[in-house]
Amino acid sequence: MIIVSACLLGENCKYSGGNNKSENVIKYLEDKEYILVCPEQLGGLSTPRNPSEIITYGNKDGNDVLSGCTKVLSNKGIDVTSNFIKGAEETLKIAKECNAKKAILKAGIPSCGYKKIYDGTFLGNKIQGMGVTAAILNKENIALLDEDDI
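No experiment lies behind these values; they were computed from the predicted model shown.

A. Representation of the overall build of the protein. Looking only at helices and strands, the protein features four helices and eight strands. Rg of the C-alpha trace for the protein: 14 Å, near the compact-globule value of 15 Å for 150 residues, within the 12% margin. For the protein, the spread of C-alpha atoms along the three principal axes comes to 45 × 30 × 25 Å. Considering only contacts within the protein whose residues lie at least 6 apart along the sequence, 61% involve residues at least 24 apart.

In structure tokens form, the structure reads like this:
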């Protein structure tokens, strides 16, 4: 079983109300079993919603939201860290219930990015780092991919 970011399969759950449909991901999944997730919605955020990015302060040795050195803030300065953590935990619960060993996540975003994420300036810059859901799934040894890996 594979966990898949719903936006990659055309579900309109992206922060803007649109999606990130990937024909490559759709084709890859044709003969596989998978479950769609949107960690932001699972965390109680609406669609559409203000864009959010991970903001790191103090100890910059890691991008672990759970460490207290980072927060997830909307572009309006609203702290949505708890929503992102709740969404990650709900995604992990689904992954465990269906015995998922792999997740295909949306690249770059503060929940699902696992190689690079936006840097917290809302200027489109990316830095090496991992989103909240990606980090939690990674800690549970669920293999991570994004649409660029497919």
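Moving on from the model shown.
B. Looking closely at the sheet that holds strand S2 (residues 34-37). Taking strand neighbours across the sheet as the criterion, the four strands line up as S2-S1-S5-S8 in an open arrangement whose pairing is parallel. Looking at which strands have only one partner, the edges of the open sheet turn out to be S2 and strand S8 (143-146). Along the sheet, successive strands turn relative to each other by an average axial angle of 25°, direction set aside. The pairing of strand S1 (residues 2-5) with strand S5 (residues 102-105) spans three bridges and is parallel. Bridged to Val4 within S5 is Ile104.

C. Structural context of the environment of Asn141. Within the secondary structure, Asn141 is located in the loop between helix H4 (132-139) and S8. Judged by relative accessible area, Asn141 falls into the exposed class, the value being 68%.

D. Seen up close, the pairing of strand S4 (residues 70-74). For S4, a buried count of four out of five residues is recorded, marking the element as mostly surrounded by other parts of the structure. Direction of pairing for strand S3 (residues 52-56) relative to S4: antiparallel, over a ladder of five bridges. Across the sheet, the residue bridging to Ser52 is Ser74, located in S4.

E. Main features of the pairing of S1. Of the two faces of S1, the one holding Ile2 and Val4 and the one holding Ile3 and Ser5 are both buried throughout. Here four bridges tie S1 to S2, and the two strands are oriented parallel to one another. Directly across from Ile3, in S2, lies its bridge partner Ile35. Read as a crossover between parallel neighbours, the route from S1 over helix H1 (residues 23-28) to S2 is right-handed.

F. Looking closely at the nonpolar core. Ile3, Ala103, Leu105, Val132, Leu137 and Leu144 are the most contacted members of the largest nonpolar core, which has 25 residues in total. Those elements that provide at least two residues to this core are helix H3 (81-97), S5 and H4. For this core, the element with the most residues is H3, which contributes five residues. Formed by 11 residues, the second largest nonpolar core is a distinct cluster that contains Val4, Cys7, Val25 and Cys38.

G. Here's a closer look at the side chain of Asn83. Residue placement: Asn83 occurs in helix H3. Within the structure, Asn83 has its side chain in polar contact with the backbone oxygen of Gly43 (distance 2.9 Å). Setting aside chain neighbours within four positions, we find Asn83 in contact with Gly43, Gly44 and Leu45.

What counts, and at which threshold
- Every residue gets a number counted from 1 within its own chain, in the order that chain's sequence is written.
- Restriction of local features to residues with pLDDT of at least 70 applies here, the model being predicted, together with a cutoff of 80 or more for giving and counting side-chain atom pairs; totals for whole chains, interfaces and linings are based on all residues.
- Side-chain measures here rest on the full set of heavy atoms in the structure, leaving out hydrogens and waters.
- A run of H or I in DSSP counts as a helix once it spans at least four residues, and a run of E counts as a strand once it spans at least two, with each numbered from the N terminus.
- Radius of gyration here uses only the C-alpha atoms, and the compact-globule reference equals 2.2 Å multiplied by the residue count raised to the power 0.38.
- Any two residues whose heavy atoms approach within 4.5 Å at even a single point are treated as in contact.
- If DSSP finds at least two bridges between two strands, the strands pair.
- Here, axes are lines fitted to C-alpha atoms. For helices the fit covers the stretch in contact, and angles between N-to-C directions go from 0 to 180 degrees.
- Working definition: with a 1.4 Å probe on protein chains only, accessible area under 20% of the residue-type maximum means buried, over 50% means exposed, and in between means partly exposed.
- Place the viewer so that the strands point away; then a crossover is right-handed whenever the path from the first strand over the helix to the second strand goes clockwise.
- We define the nonpolar core as a collection of buried residues of types Ala, Val, Leu, Ile, Met, Phe, Trp, Tyr and Cys that are connected through side-chain atoms lying within 4.5 Å of one another.
- Polar contacts, as counted here, are pairs of nitrogen or oxygen atoms within 3.5 Å of one another; within protein the pair requires one atom able to donate a hydrogen and one able to accept it, and residues that are adjacent in sequence qualify only if both atoms are side-chain atoms.

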